[in-house]
Number of protein chains: 4
Amino acid sequence: MPVFEKKKKIRFGHTDPAGIMFYPRYFELLNEVVEDWFDEALGMSFGVLLGEHGVGAPLGDIQTRFMAPCRLGDHVVFRLNVSEVRRATVALTVLVLGGGDEVRITSKLVLVCAKKDMSGAHDWPQSVQDRMKGYLEEGCLS
Amino acid sequence: MPVFEKKKKIRFGHTDPAGIMFYPRYFELLNEVVEDWFDEALGMSFGVLLGEHGVGAPLGDIQTRFMAPCRLGDHVVFRLNVSEVRRATVALTVLVLGGGDEVRITSKLVLVCAKKDMSGAHDWPQSVQDRMKGYLEEGCLS
Amino acid sequence: MPVFEKKKKIRFGHTDPAGIMFYPRYFELLNEVVEDWFDEALGMSFGVLLGEHGVGAPLGDIQTRFMAPCRLGDHVVFRLNVSEVRRATVALTVLVLGGGDEVRITSKLVLVCAKKDMSGAHDWPQSVQDRMKGYLEEGCLS
Amino acid sequence: MPVFEKKKKIRFGHTDPAGIMFYPRYFELLNEVVEDWFDEALGMSFGVLLGEHGVGAPLGDIQTRFMAPCRLGDHVVFRLNVSEVRRATVALTVLVLGGGDEVRITSKLVLVCAKKDMSGAHDWPQSVQDRMKGYLEEGCLS
């Protein structure tokens with residue numbers, strides 16, 4: 001099963017007075033991983049997507065469960081794969097794994113390919129859509 | 001139906017190169033509204049909760065749908081109410097309303113009352129639990 | 001002496017594992033105060049400045065001294081005034097005052113009126129420049 | 001001259017509606033670089049410094065000049081070196097270099113070794129102080 005993974009260090013600036021990752025910082029890290037997936041795996045940075053194709057990839061829907069805390073100094077892995085690719089959306093699952101592959105956080109999210117002015121949806125560029133399908137989990141259809 | 005509302009201005013620092021609110025900033029604003037609800041409506045700031053009661057209120061679960069974009073300069077209202085109060089959790093619904101009461105974003109979230117070291121759940125302080133029930137939506141049980 | 005003041009609450013999301021405001025959050029709050037000054041006192045929001053005048057107000061230079069910590073739950077006042085107005089720059093002093101008018105943080109900053117594409121400086125719109133002068137500290141020249 | 005360098009990508013979440021890095025994000029990145037310097041070069045993470053030594057390293061003073069903009073998708077280098085080491089402070093210079101070694105941003109900052117409760121200064125742990133001196137610029141004294 002093809003997956004995209006990124007290691008992240010839980011930093012001082014991510015943590016709160018209880019020493020635990022503050023959840024808006026989680027969403028910043030999640031967005032970084034999605035951004036790197038576009039850039040490194042799909043061959044299309046957010047800058048090029050916006051500047052040359054005139055489209056963005058805003059979040060339409062997200063469901064996140066926080067199962068175990070991430071603490072200052074932890075090293076975790078963000079593991080991304082794809083559950084569905086459509087003409088103008090993509091559904092992703094992202095797991096955050098701590099020591100010994102403990103699942104700390106899970107997110108299911110849907111990104112929308114939207115015109116820059118947010119006036120409506122737009123098809124993904126073909127090369128992007130093709131590469132997204134390479135990250136489909138086994139048993140998922142596109 | 002008792003609700004807790006806060007007005008927010010969509011600021012320069014909330015918006016991305018497409019002029020739209022960047023979603024991690026939404027979660028920062030959401031947390032501010034929840035923090036103000038504890039402080040102003042439940043009579044218990046996060047600082048006192050942590051410092052005097054030794055508990056925090058981390059997010060356990062959240063589902064968010066982004067239905068219409070928030071843009072630089074928009075004035076929106078965050079409207080919070082409660083769908084369920086349990087001994088050590090509370091389920092909230094938060095709507096973000098734009099001009100003319102258009103629903104832009106909806107979140108359903110569950111906060112957990114957790115010991116400061118995150119070793120386990122802990123009952124809400126009684127006064128907090130009592131006041132939370134005052135924000136229950138009609139037809140919801142606690 | 002005309003000043004522009006804003007109250008701020010030091011929030012959970014502003015503070016670090018030591019319970020002290022994390023300094024990048026200070027700069028977020030500082031920018032909010034400057035943004036409100038443009039919006040409320042100078043009659044020109046950043047959105048209108050960018051969208052209608054085609055200019056932004058990026059930071060050119062800043063000097064900040066942190067003299068006493070801001071802690072979770074503190075209520076502080078940001079006090080802004082102007083030390084110099086030029087055609088395409090403005091120099092500001094911002095103090096952060098804690099209980100009993102203790103000066104916690106001081107910043108001296110210079111904002112530049114820059115073309116949206118950052119290709120060069122541009123004069124402030126006349127109405128903005130005129131109103132800026134109303135916030136000049138006594139003894140300062142424009 | 002010994003220097004500590006980190007590459008950074010200017011991300012979607014760092015940039016504003018004009019496509020330029022929003023300056024509070026610069027201070028987040030700067031703090032990440034300082035944190036990595038402690039962790040990787042000085043052998044002392046912020047977590048260990050706080051948890052085992054009971055001290056933090058808050059910012060006392062900073063002077064920053066923004067000379068050229070950083071844009072979405074830019075790859076830049078943060079270059080850190082030390083100008084002075086004292087018992088309970090360290091003075092750093094950090095340059096942000098864009099394509100062709102163009103200096104985009106310079107910061108001069110002083111970190112203070114402070115007791116966790118911020119009640120006063122404390123000597124740097126000896127191993128930290130010794131390693132800091134290894135990053136002193138030529139011609140600087142400690």
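Check the entry above for the structure.
Residues numbered from 1 in each chain as written. Chains lettered and ligands numbered in written order. Predicted model: local features only at pLDDT ≥ 70, side-chain atom pairs only at ≥ 80, totals over all residues. Heavy atoms only, no water.

Structural notes on the overall build of chain A
Turning to step 1, where the next piece is worked out: Counting its secondary structure elements, chain A contains 3 helices and 7 strands.
Turning to step 2, where the next piece is worked out: The order of α-helices and β-strands along chain A, N terminus first, is β-α-α-β-β-β-β-β-β-α.
Turning to step 3, where the next piece is worked out: On C-alpha atoms alone, chain A measures out to a radius of gyration of 16 Å, which is about the 14 Å that the 2.2 N^0.38 rule sets for 142 residues.
Turning to step 4, where the next piece is worked out: If one aligns the C-alpha atoms of chain A with their principal axes, the spans along those axes are about 45 × 35 × 25 Å.
Turning to step 5, where the next piece is worked out: A total of 142 residues make up chain A; the buried ones form 55% of that total.
Turning to step 6, where the next piece is worked out: Contacts spanning at least 24 positions in sequence make up 65% of the contacts within chain A whose residues lie at least 6 apart. (Helix = DSSP H or I, 4+ residues; strand = E, 2+ residues; numbered from the N terminus. Rg over C-alpha atoms; globule rule 2.2 N^0.38 Å. Buried < 20%, exposed > 50% of the residue type's maximum accessible area, 1.4 Å probe, protein only. Contact = heavy atoms within 4.5 Å.)

With respect to the side chain of Glu28 of chain C
Turning to step 1, where the next piece is worked out: By the secondary structure assignment, Glu28 of chain C is in helix α1 (residues 23-41).
Turning to step 2, where the next piece is worked out: A distance of 3.0 Å separates a polar atom in the side chain of Glu28 of chain C from a polar atom in the side chain of Arg25 of chain C.
Turning to step 3, where the next piece is worked out: Those residues within four positions of Glu28 of chain C in sequence are excluded, and the remaining contacts are Pro24, Arg25 and Glu28 of chain D. (Polar contact = N/O pair within 3.5 Å; in protein donor to acceptor, adjacent residues only side chain to side chain.)

Let's talk about the pairing of strand β4 (residues 75-85) of chain C
All names here are of chain C.
Turning to step 1, where the next piece is worked out: Relative to β4, strand β1 (residues 4-9) runs antiparallel, the two being bridged by 6 bridges. From the neighbouring strand, Lys6 faces β4, where its bridge partner is Phe78.
Turning to step 2, where the next piece is worked out: As defined by bridge partners, β4 adjoins strand β5 (residues 89-97) across 8 bridges and the pair is classed as antiparallel. Each residue of the ladder has a partner; that of Asn81, found in β5, is Thr93. (Pairing = 2+ DSSP bridges.)

Details of the sheet that holds strand β3 (residues 59-66) of chain C
Turning to step 1, where the next piece is worked out: In space, the 10 strands of this open sheet follow the order β1(C)-β4(C)-β5(C)-β6(C)-β3(C)-β3(D)-β6(D)-β5(D)-β4(D)-β1(D), with antiparallel pairing throughout. The open sheet has two free edges, formed respectively by β1 of chain C together with β1 (4-9) of chain D, since each of these has just one partner strand. Between one strand axis and the next, the sheet turns by 20 degrees as a mean value, whatever way the strands run.
Turning to step 2, where the next piece is worked out: Relative to the sheet, α1 of chain C contacts β1, β3, β4, β5 and β6 (103-112) of chain C together with β3 (59-66) of chain D, its axis offset from that of β1 of chain C by approximately 140 degrees. (Axes fitted to C-alpha atoms, helices over the stretch in contact; angles between N-to-C directions.)

Comments concerning the relation of the copies chain A and chain B
Turning to step 1, where the next piece is worked out: For the pair chain A and chain B, the superposition axis carries a translation of 0.0 Å, the fit reaches an RMSD of 0.0 Å, and the rotation angle comes to 180 degrees. The transformation just described matches what one would write down for a two-fold rotation axis. The C-alpha atom lying nearest the rotation axis in chain A is that of Gln63 of chain A; the distance is 2.2 Å.
Turning to step 2, where the next piece is worked out: Looking at the interface residues of chain A, 100% of them are also at the interface in chain B, so both copies use one shared face. (Least-squares fit on C-alpha atoms with pLDDT ≥ 70 in both.)

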